[in-house]
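Here is how the chains run, residue by residue.
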Amino acid sequence: MQKIKSLMARQGLKSPQESMADLSPVENLRIPSKEELRELREQPIDPQAEQEIIDSIEEVYFSNDSFDMVQHELEKLPPELNLQELEEYRDKLKRQQSAVSKKVADLILEKQPAYVKELERVTALQTNLQLAAVICTNARRQLSVAKEGFTEASLGLLANQRRRQLLTGLLKSLRTIKTLQRTDVRLSEMLEEEDYPGAIQLCLECQKAASTFKHYSCISELNSKLQDTLEQIEEQLDVALSKTCKHFDVLHYTKVQLAYKLLGKTQTAMDQLHMHFTQAIHNTVFQVVLGYVELCAGNADTKFQKMQYKDLCTHITLDSYIPCLTDLCKALWEVMLSYHCTMQWHEEHDKQENTPTPDDAAAAAESDELVVDRSYVKKKLEHGLTRIWQDVQLKVKAYILGTDMSNFKYDDFIVVLDVISRLMQVGEEFCGSKSEVLQESIKRQSINYFKNYHRARLEELRMFLENETWELCPVKSNFNIAQLHEFKFMGQCRSPSVSPSRQAVTSSTLAQEELSLFQQYLQEGNPFEMHIEHKEEETEDVLASNGYESDELEKSVYQDYDSDSDVPEELKQDYVDEQTGDAPLKSVSRETIRSKKKSDYNLNKTNAPILTNTTLNVIRLVGKYMQMMNILKPIAFDVIHCVSQLFDYYLYAVYTFFGRNDMYESSGLGLISSRLRTTLNRIQESLIDMEAVGENAGVHGPGEDRKEKVPSPHLSQLVVLTNSGSLYGLAQRVVATESLVFLAEQFESLQSHLDTMMPAAKKPFLQQFYSQTVSTASELRKPIYWIVAAKAIDYEQMLLLMAGVKWDIREIMSQHNVYVDVLLKEFEQFNKRLGDVSRHVRIPLPVSNVLWEHCIRLANRTLVEGYANVKKCSNEGRALMQLDFQQFLMKLEKLTDLRPIPDKEFVETYIKAYYLTENDMEQFIKNHRVR
């Protein structure tokens, strides 16, 4: 019953008696009895009226249990009380109370059966609870008896055993925890030994073990410590990864990659590796350049370390430029070699790990992940090739453009080009790049340098030409341009003077060059270091091959021949066959040499080349230009154009010094061909600055055209061309003209090489240069030697002697005239003086032929002119003319080997024309115009 009451209290329900008792005693309301309730219930009341009474009750009465109704009603009383109103209000409250009481009574009666039923259930429950209390009491009593009945010692043993087992497990856990606590020492040792995979494996195992004992409070701290250790390992691993960028070590890199694989960060490692390579390139070049800048600056206070790399490059001095560039390329080579080795490692590693697909699903999933990692690494590495080479190009470009190279020495500039060319070769082998960035930067510097250099060389060439005395430069008989240092780049195997052993070395070098640079220098060495050493060896070879001494065998051969006074000195020198490059004189007998005595100046082409110091200078310049062109092909056309200007200027100078004469046109001999005249006019218009004369020859105006032109050279005052004893400077004329011809021959030998370097669109320029300029060099012989031929023999005296001869004789004469003997004597004197000149300068056969041709042609023309001046002449006189001419020819053929005699038919035809009829004479005149 108590529980039901408490339940009713919690729900806010009250019994009818309690509800009635809650009424305030002030009201002094009596609780109706059952009979009264019955009477109230039996009283006929309108339900609607009853409900209206209940609804009229104030809401405050239904608010809560703590509501004080008496206090409420008293507060409502007005200040002045009216008994009637109070009674009416009291009746109203009573009616409301009666309505509420009736309503409550109805509700109680309505719920009475349920109340009785519930009360019965509560009573039954109370009985059951009393029974349960009895059972519990009996159970406790029996348990107490059982406790006393069992031995507490037995239960204690069981408890101790269980406790022992728990403590044994705890001891094992504590030992494991102790081991975990001490792993940091072992991890530190493994990191010092660079055993990164072992350290990571140990750390991961420790973390796994720590997760097993995470219920211990000390493990949380250990877990945090292991996580910090793992992060520290990753940091050291990143540092170890960065070390591979400069010096790749297979074992070291294998450890690093295995460590990242254990961490499951293979892709992250590859991203980090590329960042390290980029950083390595920047740091490397900065440190190299900074070292040289600080070294050259000495005690300067400038804070170079805070400068940007691009600004730092501008502080490199000219003296340290090449060493710094070489060290820069060496350092960058190390970085690229490391990247190359990295790619090789991954390729070989991928091949080794290509195993069959496992059967179980977990291994298959792991294999798929591995394939994804490999694919990512491969793409990253392939993409990184171009990216790294681009970084290298930009760093070297900043270095190249940071210094003005226009004042560099040529050899230094060539070294720079060689180094950059080797670097571009590295780039092509590295990633197949054409190195457009490097080519553009070096092209800019080269064009700037080459314009200044070529301008200075043209001025230098003018100075050489104006100071040239046109003396023979005594080179060795086997002289070949391939022996010059400037042409070494074309390969010594082209030179016939290379010994078999030297050729074998060259062949082995070529075989080695078939390997890529990365294959050659994979284990040791550096392509840039080897390149510099090679250049030094070339310099020594050049110095050894430029001596002027003659071979001992040839000296001994000439000793027996020296007794002949008319043997030229040139026969004592070596000579080389221009076709084969061999020196045949070593196998020539002394009788063969003596057989040349007859015409000592008509030597064949096997003699030593004729050239001057200036010629040698031009050849060296051509070699230097070709070196630059060979290294830097984008400016090949500009260089070849400048090479052509060197030849043009030399040709123009030789023509100006020795070939220009106003009598050419009046001679009627066609000494200058239209092609040669066109070439000379072109050179004068495009290259010669005709306005710069006198003292201001070296000063040029601001115009661009004049900047490209050079003043016309002037012949040195030391060269005398008016002395008849020296045949009007024949020796100097021969040296000048034949040196030009020799220069042209060298250009011809270089044509195929130049053609391979010339861009396809510009090749017509090269062909035109050779066909219209180089090939005209030998044509200068005619105008230059014609001046000697015109002055060497007194043709005017011969005309006077012929004018004094009586030609209208009536009988056939058997004796020729005196003028023939005088003319032949002139030729003999010319022959003797020619021999005197040949003792100092060898006169090649083509030169002697041109000289004799000019002299004979002028003599024959003089004969025709003399015959044409005759006023009276008989048939016997015509016969005398023929006799004179035949006598002249007979004696002349003994003086010269030139066949046929020039203009022989011209004279004979003219003499025979006197016998023609008038009709035939008219036709003869039409057919034989003045030439």
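Since the model is a prediction, treat every value here as computed from it, not as a measurement.

Conventions we followed
- Residues numbered from 1 in each chain as written.
- Predicted model: local features only at pLDDT ≥ 70, side-chain atom pairs only at ≥ 80, totals over all residues.
- Heavy atoms only, no water.
- Patch = residues over 30% accessible without salt bridge, like charges linked within 9 Å, V, L, I, M, F, W, Y side chains within 5 Å.
- Areas by Shrake-Rupley, 256 points an atom, 1.4 Å probe, with all protein chains shown as cover.
- Salt bridge = Lys/Arg side-chain N within 4 Å of Asp/Glu carboxyl O.
- Lys, Arg positive; Asp, Glu negative; His and termini not counted.
- Charge placed at Lys NZ, Arg CZ, Asp CG, Glu CD.
- Helix = DSSP H or I, 4+ residues; strand = E, 2+ residues; numbered from the N terminus.
- Buried < 20%, exposed > 50% of the residue type's maximum accessible area, 1.4 Å probe, protein only.
- Expected span 1.5 Å × (residues − 1).
- Contact = heavy atoms within 4.5 Å.
- Axes fitted to C-alpha atoms, helices over the stretch in contact; angles between N-to-C directions.
- Parallel < 35°, antiparallel > 145°, perpendicular 65-115°, else oblique.
- Left-handed = near helix turned anticlockwise from the far one by under 90°.
- Nonpolar A, V, L, I, M, F, W, Y, C, P; charged D, E, K, R; others polar.
- pLDDT = per-residue confidence, 0-100.
- Arc of directions from axis to C-beta.
- Polar contact = N/O pair within 3.5 Å; in protein donor to acceptor, adjacent residues only side chain to side chain.
- Core = buried A, V, L, I, M, F, W, Y, C linked by side-chain atoms within 4.5 Å.

Next up on the list: a negative patch on the surface. Taken together, the side chains of Asp 46, Glu 52, Asp 55 and Glu 59 present a region of like negative charge at the surface. Looking at the element boundaries, Glu 59 is found in the loop between helix H4 (47-55) and helix H5 (69-76). Exposure remark for Glu 59: the relative accessible area of 65% places this residue in the exposed category.

Attention shifts here to helix H11 (residues 266-297). With 32 residues, H11 ought to run about 46 Å at 1.5 Å a step, and its terminal C-alpha atoms sit 46 Å apart, in line with that. With its phi angle positive at about 70°, Gly 298 sits one or two positions after the end of H11.

So, about the environment of Met 628. Mapping Met 628 onto the fold places it in helix H22 (residues 613-631). Along the backbone, Met 628 and Ser 446 are 182 residues apart, and their C-alpha atoms lie at a distance of 8.5 Å. Contact partners of Met 628, with chain neighbours within four places excluded, come to Tyr 410, Phe 413, Ile 414, Leu 417, Tyr 449, Phe 450 and Ile 635.

In this section: the packing of helix H31 (residues 818-838) against helix H33 (residues 875-895). Contact pair H31 / H33: the axes reach a minimum separation of 10 Å and the direction vectors enclose 15°. Between H31 and H33, the angle falls in the class roughly parallel. Handedness of the crossing formed by H31 with H33: right-handed. Across the interface between the two elements, Tyr 819, Val 820, Leu 823, Leu 824, Phe 827, Glu 828 and Asn 831 from H31 touch Asp 884, Gln 887, Phe 888, Lys 891, Leu 892 and Leu 895 from H33. Here the residues of the contact of H31 with H33 sort into eight nonpolar, two polar and three charged.

Mean pLDDT over the protein stands at 77; residues scoring 70 or higher make up 76%. For residues 16-30, every residue scores under 50 in pLDDT, and the model assigns this stretch 14 contacts once sequence neighbours within four places are set aside. Within the model, the stretch residues 602-606 combines pLDDT values under 50 with 16 contacts to residues more than four positions away or in other chains.

The next point concerns helix H10 (residues 250-263). Between the first and last C-alpha of H10 there are 20 Å, a value that for 14 residues agrees with the 20 Å anticipated at 1.5 Å per step. All of the buried residues along H10 are His 252, Tyr 253, Val 256, Gln 257, Ala 259, Tyr 260 and Leu 263. Looking straight down H10, one finds that the buried residues subtend no more than 155° of arc, so they occupy a single side. The backbone nitrogen of Leu 251 lies 3.4 Å from a side-chain oxygen of the residue at the head of H10, namely Asp 249. Of the residues one or two after H10, Gly 264 is the one with positive phi, at around 75°.

The next point concerns a nonpolar patch on the surface. Where nonpolar side chains cluster on the molecular surface, the patch consists of Leu 74, Leu 77, Leu 81 and Leu 86 and spans about 340 Å² of accessible area. With respect to the helices, strands and loops of the structure, Leu 77 is situated in the loop between H5 and helix H6 (83-149). The exposure class of Leu 77 is partly exposed, given its relative accessible area of 34%.

Here the focus is the side chain of His 454. Structurally, His 454 is set in helix H16 (residues 436-467). His 454 gets classed as buried once you look at its relative accessible area, which sits at 5%. A distance of 2.8 Å separates a polar atom in the side chain of His 454 from a polar atom in the side chain of Tyr 625. In this structure, His 454 is in contact with Tyr 625, Cys 642, Gln 645 and Leu 646, ignoring residues within four places of it in sequence.

Once that is clear, we can look at the environment of Ser 716. As for its placement among the helices and strands, Ser 716 is situated in the loop between strand S2 (710-711) and helix H27 (730-757). Using a relative accessible area of 9% as the deciding quantity, one classes Ser 716 as buried. Residues contacting Ser 716, with those up to four places away along its chain left out, are Glu 466, Asn 467 and Glu 468.

So, on to the nonpolar core. If you look at the biggest cluster of nonpolar residues, it comprises 206 residues, and the most contacted ones within it are Tyr 321, Tyr 399, Phe 647, Leu 730, Phe 827 and Phe 888. Other than its neighbours up to four places away in sequence, Tyr 321 contacts Ile 316, Tyr 399, Ile 400, Thr 403, Met 405, Phe 408 and Val 416.

Let us now look at the pattern of salt bridges. Should their charged atoms come close, side chains of opposite charge can pair. Taken as a whole, this structure holds 20 salt bridges when the rule is applied. When the shortest N-O distance is used, the salt bridge between Asp 836 and Arg 839 registers 2.6 Å. Its relative accessible area of 31% is what places Asp 836 among the partly exposed residues. A salt bridge links Asp 903 to Arg 857; its shortest N-O distance comes to 2.9 Å.

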